[in-house]
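Each chain, written out:
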Amino acid sequence: MTSQQDASAGIEAGNDTASRTLPFDDTQDFADAERGFVAALTPGVVRNAAGDVVWSSDAFAFLDGECPPTVHPSLWRQSKLCAMQGLYEITEGIYQIRGLDLSNMTLVEGDTGVIVIDPLISVETAAAGLAMYREHRGERPVTGVIYSHSHIDHFGGVKGVTTQDDVDAGRCPILAPVGFAEHAVAENVYAGTAMARRAAYMYGAALPTGPLGSVGAGLGPTTSIGRPTLITPTISIEHTGQAVTVDGVAIEFQMTPGTEAPAEMNFYFPDRRALCMAENATHTLHNLLTLRGALVRDPHVWSKYLTEAINRYAGRSDVVFASHHWPTWDTERLTEYLSIQRDLYGYLHDQTLRALNKGATGIEIAETIELPPALANAWSTHGYYGSVSHNVKAIYQRYMGWFDGNPANLWQHTPVESAVRHLDFMGGADEVVAKARKSYADGDFRWVAQVLNYVIFAEPDNAEAKALQADTLEQLGYGSENGTWRNFFLTGAYELRNGSVGTPTVSASSDIGAALSVEQLFDAIALRVDGPRAWSATIVLDWKFADTGTVHRTQLRNGVLVHFDVEGDAGPADATFTLTEADLHAILIGGADLGRLIVDGRVTIDGDPTTLAELVGYLDDPDPDFAIVTP
């Protein structure tokens, strides 16, 4: 395998052109990012109880230098801004912890303590941020937590700032948008394994930091790798205009479902003239379909909610902040910033629909669409995290699905079968690799990546093709303004050279598993049924919950695990298990020993207990290490 390469002449020239033509003399973002600085965490390293490093902002210290040819200068600029770390004062009584995770943690001082907004991904980073705040602002208790939305970087560290006991005792209410629990749990469980594996590419968590590796993810430096947790919200925010006072702090909420997350909300602090935009307005074009995978987001309603936020709150605000990046101050400036963001999502939506209604496909629209000059010239619209290219394709997918309407694309071969046939038509692997080398020398890296992919999928052990593909992906990474594209390209190159990085980060946790409802719990189990092996099996089990008095039936038939609450006489079951919901979680999620629970009297069985073992035998295990750049 080859080692990492320098930037090719073509990539270096392209990056040099960007450095000369983009408005780098506009330094307002740096002034805003530095404003209100109180102190930094020194050294900028967070460890877990075992002493392992789960976060290092010091690893990004190289960004203090000049941009090298191997990084797009616009991404270098964004990464410098995202790497600024420490405690910052936003306005009187509102502080932010920035640069200690992918996201920000905001602290709002109340009458007796402090309210925490979005406590990062990991317990360790959240606790370190709170400790830094207390060092400079005093030992204030946490008197409330707000989850702005249902993504793990906005709730995972909650047990680093409060405890279940304080929440249960009413000392620390937790506020979240309606639907939060359902979406937070579903995203990390239903497709959690696949999303987490692809997130390893998206955030570059396994890449070395530096000019040849990870420089950041555009939305923040990268993801922490500590312990994620979850405490179920105690107050549900259900409608726009809903007002809640927490520890003497008045808060008005704006619901924004279907924007950056299925359950999300903005909120306004009237006494501080401060507006929190959650993740609906950040200093980048955001994702409409994140590269790790998710439901396609709706840019149309996203734009409309930004308009609503502008009309309801902008004129009454002196500062707008979010759970990523840095604030924007001054009513006129923040109104323009929000308006630019609004116009960005609205333009992409409307122009994609205009083009698809003329017959253009997503790929074609993505190659031809251009932003208006006023949008293109604003730093906050650049595609550091989302991109115009993959967002346009996401909009097409949202409305039209995966099929582009061409019948030739309706029933294509699988990647491996297609690759074998391509190689045959193209004269064999040696011929393709030889031609690819010429295209590589010509700087046509997109084409090289495509044709070498055929070789690798047809001949997975072709070392020459894998080495050249690694070099090719590396060059595409060096030229990417988008942080997540860079990470995808460079992680692909890394795996071709070194083997799989697996899944460095943890998306699921015992807390998330415990938050599954009975319905969600059996949904998650149903996704693991090996359908073909279970075609002829019929198993009916009843789960009688001693603590609630309800009965839930699971029925395996035709390879499908159907489940529902039993009301009245539903007919006989093969076995009935009587237990608590907590013990069901312990058995199915926590790995508890069913036999021991039976001996201890916590579970009783009426009927044939071997039917459960038969059902379990039909379950498949997900693979957190599945191949991506190889078949």
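Here the structure is shown first, and the text comes after it.
Note that the coordinates shown come from a computational prediction; the quantities given were computed from them, not determined experimentally. (Residues numbered from 1 in each chain as written. Predicted model: local features only at pLDDT ≥ 70, side-chain atom pairs only at ≥ 80, totals over all residues. Heavy atoms only, no water.)

Asks: What is the right way to read the packing of aromatic side chains from this model?
Replies: Ring pairs (aromatic) are described by centroid distance and by the angle formed between their planes. The final tally for this structure, using the stated rule, is 19 aromatic pairs. Ring geometry for Trp-402 and Phe-403: centres 5.5 Å apart, planes at 45°, overall tilted. Since its relative accessible area comes to 66%, Trp-402 is described here as exposed. Three or more aromatic residues joined by ring pairs form one cluster here, namely Phe-60, Phe-62 and Trp-76. Just above the ring of Trp-329 sits the side chain of Arg-35; from NZ or CZ to the centre is 4.2 Å. (Phe/Tyr/Trp six-rings, centres within 6.5 Å; stacked < 30°, edge-to-face > 60°. Buried < 20%, exposed > 50% of the residue type's maximum accessible area, 1.4 Å probe, protein only. Lys NZ or Arg CZ within 6 Å of the ring centre and 35° of its normal.)

Asks: Which parts of the structure should I look at to understand the side chain of His-390?
Replies: Relative to the elements of secondary structure, His-390 occurs in helix α12 (residues 388–400). On the basis of relative accessible area, His-390 is assigned to the buried category, the value being 9%. Here Ser-387 takes part through its side chain, which lies 2.7 Å from a polar atom of the side chain of His-390. Only 2.9 Å separates the side chain of His-390 from the side chain of Trp-485, close enough to count as a polar contact. (Helix = DSSP H or I, 4+ residues; strand = E, 2+ residues; numbered from the N terminus. Polar contact = N/O pair within 3.5 Å; in protein donor to acceptor, adjacent residues only side chain to side chain.)

Asks: What am I meant to see in a nonpolar patch on the surface here?
Replies: On the surface, Trp-402, Leu-410 and Trp-411 cluster together to form a nonpolar patch covering roughly 520 Å² of accessible area. Relative to the assigned elements, Leu-410 resides in the loop between α12 and α13 (415–425). (Patch = residues over 30% accessible without salt bridge, like charges linked within 9 Å, V, L, I, M, F, W, Y side chains within 5 Å. Areas by Shrake-Rupley, 256 points an atom, 1.4 Å probe, with all protein chains shown as cover. Salt bridge = Lys/Arg side-chain N within 4 Å of Asp/Glu carboxyl O.)

Asks: Sorry, what's going on with unusual backbone geometry here?
Replies: Trans is the prevailing form of peptide bonds, just as negative phi is the prevailing case for residues other than glycine. For the bond running from Thr-42 to Pro-43, omega is -10°, close enough to zero to count as cis. Following the sequence through the fold, Pro-43 ends up in the loop between β1 (37–39) and β2 (45–47). At Asp-118, a position not held by glycine, the phi torsion is positive, near 60°. Phi at Ala-278 takes a positive value of approximately 50°, unusual for a residue other than glycine. Structurally, Ala-278 is set in the loop between β14 (274–276) and α8 (299–313).

Asks: Even after reading the chapter, I still don't get the pairing of strand β18 (residues 551–557), so can you show me in this structure?
Replies: A regular strand carries its side chains on alternate faces of the sheet. Inspection of the sheet shows strand β17 (residues 539–545) paired to β18 by six bridges, in the antiparallel sense. Following the sheet pairing, Trp-543 is matched in β18 by His-552. Linking β17 back to β18 in an antiparallel pair, the connection comprises five residues, with Gly-549 at a positive phi of about 80°. Pairing geometry for β18 and strand β19 (residues 560–565), over six bridges, is antiparallel. Within β19, the position partnered with Gln-555 by the bridge is Val-562. (Pairing = 2+ DSSP bridges.)

Asks: I tried to follow the sheet that holds strand β21 (residues 604–607) on my own but got confused; where do I start?
Replies: For sheets, the rule is that strands pair by backbone hydrogen bonds, running either parallel or antiparallel. Spatially, the five strands line up as an open sheet ordered β19-β18-β17-β20-β21, and their pairing is mixed. Bordering the open sheet on either side are β19 and β21, each of which pairs with just one other strand. Taking the axes of each pair of neighbouring strands and ignoring which way they run, one obtains an average angle of 20° across the sheet. Where helix α20 (residues 581–588) meets the sheet, its contacts fall on β17 and β20 (575–579), and the angle it forms with β20 comes to roughly 115°. (Axes fitted to C-alpha atoms, helices over the stretch in contact; angles between N-to-C directions. Contact = heavy atoms within 4.5 Å.)

Asks: Would you take a moment to explain the sheet that holds strand β10 (residues 235–237) for this structure?
Replies: One open sheet accounts for eight strands, arranged β1-β4-β5-β6-β7-β8-β9-β10; its pairing is mixed. The strands lining the two open edges of the sheet, one partner per strand, are β1 and β10. Between one strand and the next, the sheet's axes are offset by a mean angle of 25°, whatever the strand orientation. With five bridges joining them, strand β4 (residues 86–91) and strand β5 (residues 94–98) adopt antiparallel strand pairing. Residue pairing for β5: Tyr-88 is matched across the bridge by Gln-96. Helix-sheet contacts for helix α4 (residues 123–137) involve β1, β4, β5, β6 (105–109), β7 (114–117) and β8 (142–146), and the interaxial angle to β6 is about 35°.

Asks: I would appreciate a short explanation of helix α19 (residues 518–526) in the present structure.
Replies: Every α-helical turn comprises 3.6 residues, leaving residues that sit three or four positions apart pointing alike. Those residues of α19 lying buried are Val-518, Gln-520, Leu-521, Phe-522, Ala-524 and Ile-525. For α19, the secondary structure elements touched by its buried residues are α6 (180–189), β17, β18, β19 and α20.

Asks: Help me understand the pairing of strand β12 (residues 249–255) in this model?
Replies: Among the seven residues in β12, six count as buried, and that is most of the element. Examined bridge by bridge, strand β11 (residues 243–246) and β12 share four bridges and lie antiparallel to one another. For Thr-245, the partnering residue across the bridge sits in β12 and is Ala-250. Where β11 hands over to β12, the hairpin turn is made up of two residues, of which Asp-247 adopts a positive phi near 50°. Both β12 and strand β13 (residues 265–269) contribute to a ladder of four bridges, which runs antiparallel. Along β13, the bridge assignment pairs Phe-253 with Phe-267.

Asks: Explain the pattern of salt bridges here, please?
Replies: In a structure, side chains of opposite charge can pair up when their charged atoms sit close to one another. Inspection of the entire model under this criterion finds 25 salt bridges. The shortest N-O distance in the salt bridge between Asp-442 and Lys-438 comes to 3.1 Å. By relative accessible area, Lys-438 is classed as exposed at 56%. Its salt-bridge partner being Arg-497, residue Asp-471 comes within 2.7 Å of it at the nearest N-O pair. Placement of the pair is Asp-471 in helix α16 (residues 463–478) and Arg-497 in helix α17 (residues 483–498), with a sequence separation of 26 residues. One connected set of salt bridges, linked through shared partners, spans Glu-109, Arg-137 and Arg-140.

Asks: What should I look at first to understand α20 in this one?
Replies: When we look at burial in α20, the residues that qualify are Asp-583, Leu-584, His-585 and Ile-587. Among the structural elements, α18 (510–514), α19, β17, β20 and α21 (594–599) are those in contact with the buried residues of α20.

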